[in-house]
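Listed below, chain by chain, are the residues.
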Amino acid sequence: LSYCGEFPSKRHFFLGGSVGQPELVASSLRNTFPGICIAGTHATPVRPLPPEAHARAVSSIIESEAEIVWVGMGTPAQDLWMAAGVAEISAPMVGVGSAFDLLTGRTRAAPDWMKLSGSQWLFRLAQEPRRLWRRYATYNPRFVALFARQYFRHRSLTHSAPGEDDLDT
C-alpha cells in the first residue's frame with residue numbers, strides 16, 4: 001500500500017475485512033500518510049458475497065468516485081470478487097490479501113528472513129491454522145503442478161534440438 005503515500009490525492013477505497021476493519025485501515029493510513037484522500041470503505045464479513053451484498057459494495061464504490069480500490073478479502077475470495085466486479089467498476093482494483101489484517105494488528109508480519117526465503121506462508125499458517133490449512137493444502141500443490149507444467153512446456157518449445165541453430169557451420 002505504499003502507493004497510498006506516493007499518490008495521497010488519489011481517491012482510495014478500501015473493500016474487505018470484518019465490520020469496522022476497513023475503517024481501521026483507513027485510520028491507520030491517515031496516520032501514516034497525512035492528507036490521504038479516503039473515498040470510502042466497505043466491509044465484507046461474509047464471503048463469497050451474496051448477490052445483494054455484492055451490489056451494495058459495487059454501489060458504494062461507484063458512488064464514492066474511487067480512483068483505486070484496495071480489496072482485502074484474502075485469496076481466492078478477492079480474486080473471484082474482482083473478476084466478477086471488473087465489468088461494473090471502472091477504477092483499478094488491487095488485491096492486497098492479508099494487508100488489512102496486518103495494518104489493523106489482527107495478524108503479525110513474518111520476520112524478514114521468512115519473507116526473503118519464500119516461507120511467509122508458513123508463518124501465516126502457524127498464526128491461523130484452522131482458517132488457512134485447507135487453502136494451502138489445496139492451492140499450493142496445484143500452483144506448483146501448474147507452474148511446472150507450464151515451465152516444462154515452455155522450455156520444450158523454446159529449446160531446439162542440438163545442431164538446429166548451427167546454420168552458419
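Above: the structure in question.
Residues numbered from 1 in each chain as written. Predicted model: local features only at pLDDT ≥ 70, side-chain atom pairs only at ≥ 80, totals over all residues. Heavy atoms only, no water.

S.K.: Please clarify how unusual backbone geometry should be interpreted in this entry.
M.R.: Trans peptide bonds make up most of the peptide bonds, and negative phi angles are found at most residues other than glycine. Residue Pro48 is reached from Arg47 by a cis peptide bond, and omega for that bond is -5 degrees. You can see Pro48 is positioned in the loop between β2 (37-42) and α3 (51-64). A cis amide bond, omega 5 degrees, links Thr75 with the succeeding residue Pro76. By the secondary structure assignment, Pro76 is in the loop between β3 (68-71) and α4 (77-85). Phi at Glu65 is positive, roughly 55 degrees, even though this residue is not glycine. For Glu65, the position within the fold is in the loop between α3 and β3. (Helix = DSSP H or I, 4+ residues; strand = E, 2+ residues; numbered from the N terminus.)

S.K.: Would you explain the nonpolar core in this entry?
M.R.: If you look at soluble globular proteins, the nonpolar side chains tend to sit buried side by side. Judged by nonpolar contacts, the single largest core of 17 residues is most densely connected at Leu15, Ile61, Val69, Val71, Trp81, Ile89 and Met93. It is α3 that provides the largest number of residues to this core, a total of four residues. In contact with Val71, other than residues within four places in its own chain, are Leu15, Gln78, Met82, Met93, Val94, Gly95, Val96 and Gly97. Counting residues in hydrophobic clusters, the runner-up holds twelve residues, among them Cys4, Val25, Ile38 and Ala99. (Core = buried A, V, L, I, M, F, W, Y, C linked by side-chain atoms within 4.5 Å. Buried < 20%, exposed > 50% of the residue type's maximum accessible area, 1.4 Å probe, protein only. Contact = heavy atoms within 4.5 Å.)

S.K.: How should the environment of Glu6 be read in this particular structure?
M.R.: The topology assignment puts Glu6 in helix α1 (residues 2-6). By relative accessible area, Glu6 is classed as exposed at 57%. Once the C-alpha coordinates of Glu6 and Ile36 are considered, the two residues, 30 residues apart in sequence, prove to be 9.7 Å apart.

S.K.: Honestly, the pairing of β2 in this entry has me stumped. Any pointers?
M.R.: For a regular strand, the rule is simple: side chains alternate between the two faces of the sheet. Sheet topology places strand β1 (residues 11-15) next to β2; five bridges connect them, and they run parallel. Counterpart to His12 in the pairing with β2 is Ile38. One crossover worth recording links β1 to the parallel β2 by way of helix α2 (residues 21-32), and it is right-handed. (Pairing = 2+ DSSP bridges. Right-handed = clockwise from strand over helix to strand, strands pointing away.)

S.K.: It is not clear to me how the side chain of His12 should be interpreted in this structure. Could you clarify?
M.R.: Secondary-structure assignment places His12 in strand β1. One polar contact links the side chain of His12 to the main-chain carbonyl oxygen of Phe7, over a distance of 3.0 Å. (Polar contact = N/O pair within 3.5 Å; in protein donor to acceptor, adjacent residues only side chain to side chain.)

S.K.: What is the right way to read a nonpolar patch on the surface from this model?
M.R.: The grouping of Phe143, Val144, Phe147, Tyr151 and Phe152 at the surface amounts to a nonpolar patch, some 580 Å² of accessible area in total. Secondary-structure assignment places Phe152 in helix α8 (residues 129-158). (Patch = residues over 30% accessible without salt bridge, like charges linked within 9 Å, V, L, I, M, F, W, Y side chains within 5 Å. Areas by Shrake-Rupley, 256 points an atom, 1.4 Å probe, with all protein chains shown as cover. Salt bridge = Lys/Arg side-chain N within 4 Å of Asp/Glu carboxyl O.)

S.K.: So what exactly am I meant to see when it comes to the pairing of β3 here?
M.R.: Burial along β3 is two-sided: Ile68 and Trp70 and Val69 and Val71, pointing in opposite directions, are all buried. Bridge count between β1 and β3: four bridges; the pairing is parallel. Residue Phe14 lies in a different strand from β3, and its bridge partner there is Trp70. Read as a crossover between parallel neighbours, the route from β3 over α4 to strand β4 (residues 93-95) is right-handed.

S.K.: When you look at the packing of aromatic side chains in this model, what are you seeing that I'm missing?
M.R.: In this description, an aromatic ring pair is defined by two values, namely the gap between the centres and the angle between the planes. Counting across every chain of the model gives seven aromatic pairs. Geometrically, the ring pair formed by Tyr151 and Phe152 is edge-to-face, given 5.1 Å between the ring centres and 80 degrees between the ring planes. Among the aromatic residues, those joined into a cluster by ring pairs are Phe143, Phe147, Tyr151 and Phe152. (Phe/Tyr/Trp six-rings, centres within 6.5 Å; stacked < 30°, edge-to-face > 60°.)

S.K.: Any chance you could explain α4 here in plain terms?
M.R.: Every α-helical turn comprises 3.6 residues, leaving residues that sit three or four positions apart pointing alike. Within the span of α4, buried status applies to Gln78, Trp81, Met82 and Gly85. Buried positions in α4, seen along its axis, are confined to an arc of 100 degrees and lie on one side of it. Seen from the buried face of α4, the exposed residues on the opposite side, beyond 90 degrees, are Leu80 and Ala83. In this structure, the buried side of α4 is in contact with β1, α3, β3 and β4. (Arc of directions from axis to C-beta.)

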